[in-house]
Amino acid sequence: MSERTLVLVKPDGVERGLVGEVIARIERKGLKLAALELRTADRATAEQHYAEHDGKPFYKDLVDFITGGPLVALVVEGTRAIPAFRQLAGGTDPVEKATPGTIRGDFGLEVQYNLVHGSDSPESAEREIKIWFPNL
Ligand code: CMP
C-alpha cells in the first residue's frame, strides 16, 4: 500500500551539496517525490517538528542547527515509503548505527549533523507533513 513520508535534507546536507545525491537515492529506490521545497525553517516550525525532543540535552542545539540555513523539505511516497526511506538514511548515529551504503553511513560523522530526517511512523508522517506542507 502506498504511503507518504516527510523527508528533510538538513542544512548540513544542503551546505555540502548532497541534495542531488539524496534525491537520486530516493528515486532509484522507486519512491516518488510528491512535494519539494528549499527553505529556511523558522523557529516555530522547527520546534513543532522536534516537539518530542523538547527537554532533551541536545534540543536547543538541534533547533539552532535546523534553523541555521536552508534545508530541503520533501514529501516522498510509495510502497512502504516510511521504512524504505529510513533504510536509505541509515541509523541516527552516522558512525555507530548507520552502515556503509546508507546516506548517513556514507556521508556522516556526527549524530547532530546526520544529513537527513525521515518520519518514523505513519502518525509522525501525517503530523510532520502538516507542519511542512499544510496545503498538501
Ligand atoms: P532526526 O532523525 O532528525 O531526529 C532527531 C534528531 O536529533 C536526530 O535526527 C539527530 O539529528 C538529533 N539527535 C539525536 N540524538 C542526538 C544526540 N545525542 N546529540 C545531538 N543530536 C542528536
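Residues numbered from 1 in each chain as written. Predicted model: local features only at pLDDT ≥ 70, side-chain atom pairs only at ≥ 80, totals over all residues. Heavy atoms only, no water.

This part takes up the sheet that holds strand β1 (residues 2–9). Two modes of strand pairing occur in sheets, parallel and antiparallel, and in both the strands are linked by backbone hydrogen bonds. Read across the open sheet, the four strands follow the order β2-β3-β1-β4; overall the sheet is antiparallel. A single partner strand is all that each edge strand has here, and the edge strands are β2 (32–39) and β4 (116–118). Across this sheet, the average inter-strand angle for adjacent strands is 20 degrees, counted without regard to direction. Contacts between helix α5 (residues 81–89) and the sheet are confined to β1, β3 (71–79) and β4, with β1 contributing the most and set at about 35 degrees to the helix. (Pairing = 2+ DSSP bridges. Helix = DSSP H or I, 4+ residues; strand = E, 2+ residues; numbered from the N terminus. Axes fitted to C-alpha atoms, helices over the stretch in contact; angles between N-to-C directions. Contact = heavy atoms within 4.5 Å.)

Where helix α2 (residues 19–29) meets α5, the axes come as close as 11 Å, and the angle between the chain directions of the two elements is 130 degrees. Here α2 is positioned oblique relative to α5, judged by the angle of their axes. Handedness of the crossing formed by α2 with α5: right-handed. Seen from α2, the contacting residues are R25, I26 and K29; seen from α5, they are A84, F85, Q87 and L88. Class assignment of the residues belonging to the contact of α2 with α5 gives a composition of four nonpolar, one polar and two charged. (Parallel < 35°, antiparallel > 145°, perpendicular 65-115°, else oblique. Left-handed = near helix turned anticlockwise from the far one by under 90°. Nonpolar A, V, L, I, M, F, W, Y, C, P; charged D, E, K, R; others polar.)

Now for the packing of aromatic side chains. According to the stated counting rule, one finds one aromatic pair in the structure shown. In this structure, R39 packs its charged tip against the face of F133, placed 5.8 Å from the ring centre. (Phe/Tyr/Trp six-rings, centres within 6.5 Å; stacked < 30°, edge-to-face > 60°. Lys NZ or Arg CZ within 6 Å of the ring centre and 35° of its normal.)

What follows is about the site of the ligand. Residues in contact with the ligand, as listed here, are K10, Y50, H53, F58, L62, T92, R104, V111, Q112, N114 and H117. A distance of 3.3 Å separates an oxygen atom of the ligand from a polar side-chain atom of R104. One of the backbone nitrogen or oxygen atoms of Q112 is found 3.4 Å away from an oxygen atom of the ligand. When the free accessible area of the ligand is taken as 450 Å², the share hidden by the protein chains comes to 78%. When each cavity is represented as a set of grid points, the ligand is found to reside in the largest pocket. Considering only residue class, the shell around the ligand consists of four nonpolar, five polar and two charged. (Near = heavy atom within 4 Å. Polar contact = N/O pair within 3.5 Å; in protein donor to acceptor, adjacent residues only side chain to side chain. Areas by Shrake-Rupley, 256 points an atom, 1.4 Å probe, with all protein chains shown as cover. 1 Å grid on protein atoms, 1.4 Å probe; cavity = no way out; pocket = protein on both sides within 12 Å on 5 of 7 lines; lining within 4 Å. Sits in = over half its atoms within 2 Å of the grid points.)

For the rest of this paragraph, the subject is the UniProt feature "domain: Nucleoside diphosphate kinase-like" (unreviewed entry) in the chain. Under the UniProt annotation, "domain: Nucleoside diphosphate kinase-like" (unreviewed entry) lies at residues 2–136. For the annotated span residues 2–136, helix accounts for 41% and strand for 21% of the residues, and the straight-line distance between the end C-alpha atoms is 16 Å. (UniProt positions renumbered as here; feature names shortened; annotations may be inferred.)

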